[in-house]
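Chain by chain, the residues:
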Number of protein chains: 4
Amino acid sequence: MHELEIQPRFCETDALGHISNTTLPIWLEAARFPFFTETLPAGSLKDWPLIMARIEIDFVQQLFVDDPVLVKTAVSRIGNSSFSVCQEVWQNDRVAAKASTVMVHFDFETQKPTPIPSVIREKLEGFLVE
Amino acid sequence: MHELEIQPRFCETDALGHISNTTLPIWLEAARFPFFTETLPAGSLKDWPLIMARIEIDFVQQLFVDDPVLVKTAVSRIGNSSFSVCQEVWQNDRVAAKASTVMVHFDFETQKPTPIPSVIREKLEGFLVE
Amino acid sequence: MHELEIQPRFCETDALGHISNTTLPIWLEAARFPFFTETLPAGSLKDWPLIMARIEIDFVQQLFVDDPVLVKTAVSRIGNSSFSVCQEVWQNDRVAAKASTVMVHFDFETQKPTPIPSVIREKLEGFLVE
Amino acid sequence: MHELEIQPRFCETDALGHISNTTLPIWLEAARFPFFTETLPAGSLKDWPLIMARIEIDFVQQLFVDDPVLVKTAVSRIGNSSFSVCQEVWQNDRVAAKASTVMVHFDFETQKPTPIPSVIREKLEGFLVE
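First things first, this report covers the structure right here in the doc. Owing to the predicted nature of the structure, the values given are computational and were not obtained by experimental measurement. (Residues numbered from 1 in each chain as written. Chains lettered and ligands numbered in written order. Predicted model: local features only at pLDDT ≥ 70, side-chain atom pairs only at ≥ 80, totals over all residues. Heavy atoms only, no water.)

### Focus on empty space enclosed by the protein
Inference 1: Applying the stated rule across the entire model yields two cavities of 30 Å³ or more.
Inference 2: Approximately 590 Å³ is the volume attributed to the largest cavity.
Inference 3: Classifying every residue of the lining of the largest cavity gives eight nonpolar, 13 polar and eight charged.
Inference 4: Taken as a whole, the second largest cavity encloses approximately 40 Å³ of empty space.
Inference 5: Elements represented by at least two residues in the lining of the second largest cavity include exactly β2 (50-59) of chain C together with β2 (50-59) of chain D.
Inference 6: When residues of the lining of the second largest cavity are assigned to their parent elements, the largest contribution, three residues, is made by β2 of chain C.
Inference 7: Counted by class, the lining of the second largest cavity contains seven nonpolar, one polar and no charged residues. (1 Å grid on protein atoms, 1.4 Å probe; cavity = no way out; pocket = protein on both sides within 12 Å on 5 of 7 lines; lining within 4 Å. Points joined across faces, edges and corners; volume = space filled by probe spheres on them. Nonpolar A, V, L, I, M, F, W, Y, C, P; charged D, E, K, R; others polar. Helix = DSSP H or I, 4+ residues; strand = E, 2+ residues; numbered from the N terminus.)

### Digging into the interface of chain B and chain A
Inference 1: With 21 residues of chain B at the contact, the number on the chain A side is 21 residues.
Inference 2: Counting the contacts that link chain B with chain A gives four salt bridges.
Inference 3: Ionic pairing is found between R54 of chain B and E56 of chain A, a salt bridge with its closest N-O pair at 3.1 Å.
Inference 4: On inspection of chain B and its partner chain A, the count reaches ten residue pairs in polar contact (both at pLDDT 80 or more). (Contact = heavy atoms within 4.5 Å. Salt bridge = Lys/Arg side-chain N within 4 Å of Asp/Glu carboxyl O. Polar contact = N/O pair within 3.5 Å; in protein donor to acceptor, adjacent residues only side chain to side chain.)

### A closer look at the relation of the copies chain B and chain A
Inference 1: Relative to chain A, chain B is turned by 180 degrees and slid 0.0 Å along the rotation axis, the superposed coordinates differing by an RMSD of 0.0 Å. Here the symmetry operator amounts to a two-fold rotation axis. Within chain B, the C-alpha atom positioned nearest to the axis of rotation is that of E56 of chain B, 2.1 Å from it. (Least-squares fit on C-alpha atoms with pLDDT ≥ 70 in both.)

### Quick notes on the relation of the copies chain B and chain C
One copy of the chain maps onto the other through a rotation about an axis plus a displacement along that axis.
Inference 1: It takes a turn of 180 degrees to lay chain B on chain C, together with a shift of 0.0 Å along the axis; the resulting RMSD is 0.0 Å.
Inference 2: Comparing interface residues between copies, 100% of those in chain B also lie at the interface in chain C; the contact surface is shared.

### Brief notes about helix α1 (residues 24-39) of chain B
The α-helix winds at 3.6 residues per turn, so residues separated by three or four positions along the chain end up facing the same way.
Inference 1: Between its first and last C-alpha, α1 of chain B extends 22 Å over 16 residues, near the 22 Å set by a 1.5 Å rise per residue.
Inference 2: Burial analysis of α1 of chain B places 13 of its 16 residues in the buried class, which makes it a mostly covered element. (Expected span 1.5 Å × (residues − 1). Buried < 20%, exposed > 50% of the residue type's maximum accessible area, 1.4 Å probe, protein only.)

### Some points on the interface of chain B and chain C
The extent of an interface is frequently quoted as the accessible surface area lost upon association of the parts.
Inference 1: Contacts between the two partners involve 16 residues from chain B and, on the opposite side, 16 residues from chain C.
Inference 2: In total, chain B and chain C occlude about 1300 Å² of area from one another, counting both sides; carbon and sulfur atoms represent 60% of this.
Inference 3: Applying the counting criterion to the chain B and chain C interface returns two salt bridges.
Inference 4: Across the pair R9 of chain C and E12 of chain B runs a salt bridge whose closest N-O atoms are separated by 3.0 Å.
Inference 5: Taken together, chain B and chain C are joined by four residue pairs in polar contact (both at pLDDT 80 or more).
Inference 6: Among the residues forming the side of chain B that touches chain C, the class breakdown is nine nonpolar, two polar and five charged. (Buried area = accessible area lost by both parts, 1.4 Å probe.)

### Concerning the packing of aromatic side chains
Inference 1: Counted by the stated rule, this structure contains 24 aromatic pairs over all chains.
Inference 2: In this structure an aromatic cluster arises from ring pairing among F10 of chain A together with F33, F35, F36, F83 and F127 of chain D.
Inference 3: Positioned above the aromatic ring of W90 of chain D, the side-chain terminus of K72 of chain D is 4.4 Å from the ring centre. (Phe/Tyr/Trp six-rings, centres within 6.5 Å; stacked < 30°, edge-to-face > 60°. Lys NZ or Arg CZ within 6 Å of the ring centre and 35° of its normal.)

### Comments concerning the pairing of strand β5 (residues 94-107) of chain A
Residue and element names in this part refer to chain A.
Inference 1: Across the 14 residues that make up β5, a large majority, ten, are buried.
Inference 2: In this sheet, β5 lies alongside strand β4 (residues 82-91) in antiparallel orientation, the contact comprising ten bridges. Bridging across to β5, Q91 finds its partner in R94.
Inference 3: Linking β4 to β5, which pair antiparallel, is a turn of two residues; within it N92 sits at a positive phi near 50 degrees.
Inference 4: Bridge analysis of β5 against strand β6 (residues 112-113) gives two bridges, and the strand direction is antiparallel. Each bridged residue has a counterpart across the sheet, and for F106 the counterpart in β6 is P113. (Pairing = 2+ DSSP bridges.)

### Observations concerning the side chain of D14 of chain A
Inference 1: You can see D14 of chain A is positioned in the loop between β1 (2-6) and α1 (24-39).
Inference 2: One buried charge, D14 of chain A, has no salt-bridge partner; the nearest side chain with opposite charge is R32 of chain B, at 9.2 Å.
Inference 3: When residues no more than four places from it in sequence are discounted, the contact partners of D14 of chain A are S20 of chain A together with F10, T13, D14 and A15 of chain C. (Lys, Arg positive; Asp, Glu negative; His and termini not counted.)

### Notes on unusual backbone geometry
Inference 1: For Q111 of chain A, which is not glycine, the phi dihedral falls at a positive 55 degrees.
Inference 2: Its location among the elements puts Q111 of chain A in the loop between β5 and β6.
Inference 3: The partly exposed category is assigned to Q111 of chain A, whose relative accessible area is 42%.
Inference 4: A positive phi is found at D93 of chain C, a non-glycine position, where the angle reads about 65 degrees.
Inference 5: Here D93 of chain C shows up in the loop between β4 (82-91) and β5 (94-107).

### Observations regarding the pattern of salt bridges
Two side chains of opposite charge can pair, provided their charged atoms sit close to one another.
Inference 1: Applying the stated criterion across every chain, the model contains 16 salt bridges over all chains.
Inference 2: Among the ionic contacts, a cluster of salt bridges with common partners joins R54, E56 and D58 of chain A together with R54, E56 and D58 of chain B.

### Notes on the state of the cysteines
Inference 1: Overall, the coordinates contain zero disulfides over all chains when judged by the stated rule.
Inference 2: With no disulfide of its own, C11 of chain C has C11 of chain A as its nearest cysteine by sulfur position, at a separation of 10 Å.
Inference 3: For C11 of chain C, a relative accessible area of 13% puts it in the buried group. (Disulfide = S-S within 2.5 Å.)

### Observations concerning the environment of W27 of chain D
Inference 1: In this fold, W27 of chain D is placed in helix α1 (residues 24-39).
Inference 2: For the pair W27 of chain D and E56 of chain D, spaced 29 residues apart in the sequence, the C-alpha separation amounts to 14 Å.
Inference 3: Not counting chain neighbours up to four residues away, the residues in contact with W27 of chain D comprise R9 of chain A together with I6, P8, E12, I19, L63, V69 and V89 of chain D.

This is the structure we're talking about:
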């Protein structure tokens, strides 16, 4: 799996003293981007023909600001015009959250999903896990 | 369903010109709090014995900064020590996102789930939808 | 002064139990936008020819999540190609923060400041305070 | 000066295609924390007796998501019960923002400023710049 280390920020905590649950989607997005950089054709991030259709996050353990976090990212499914990304957030050798995201290969001009090109499909297959 | 109107903020957009998908969990949390204020016993928000165990969000339509958003919140399931909150995010009379959140009634001292007291259960039942 | 009421969000707190200082610029921006809507020519927010050149914030009192916040916005200076916006953040009838922002009327094509048109200048003058 | 490299996140952009000005205070706080870790006595971040009294930011250049950012942090003034932190945000070998923050050594019990202890003062002096 692709790995990104993130240092939690103090402003990402909330008054309960732990990392706010609203921070997790931000970290998960941050970890998908370098993953995509290695997977998708070169170009500015904002030209990527991908939109998020769905996200699921299971919060397993509380996360705290003091220690670094490791976000692991891989591909769990490759469909015709969409694929699923699975991610785990670890802190202190324990998994704290698990997430699954459905990404749609999207044509912004027609505003419709389009098939994933084979060049991208092959790269995604390199990160496919069971 | 409980309703909260939210005016999108410019910093909640991203370089794709629409509302960032990372903004949705923030709005959903913002809409659950006044809902909980009407449902749960009085007290400071940070004393509430609730933690989030899971969130699912389906992104149905893009959201934009110019028009107000309506977040509708209700209860979809009441279990022994957890319950599920269902939410919809509307803009310009179209549903743009649907979410389901599992909240656990939690004892921070023992760090374990505890049964939902009947006084809370009865209030949650008033917002139960099919 | 223009006034916007904001309900603090739980995720805007931090582990010190109060509103994170990083939240203030977000509220201040949120309050400048409806102010600009009433002041500047109609159009999508992202077409506005304004960039921020400077912000100063004095944190006078801690802010907390439980009570609504009032952000007051006015114009404190109108120059040739820039103007200054002064803002105050109130909670429970006490001022909690004061801010001053320098906005530059900017031409994104030439990437240079341009003089403020008289139609905008006149509207800004309506909100000028000492 | 202390240096922290930050990889901009896509959600930190806004619809103008650049990094939102509301992101800068978040990066500046993120860069102050490892700086304080090396400067202040050991302990959990939330036990630090520091509150922010003032922040000033000059936005010199637009920042973009594609390239890493370097935040440089030092001390510009040490007073009796407060000190000032100066910071610069660089991208692609150009300074994009300059900031100054006034931090107050604060006693949360009495809710009043207290003198900076000599052990902290000596460490801060090691980062003092003109």
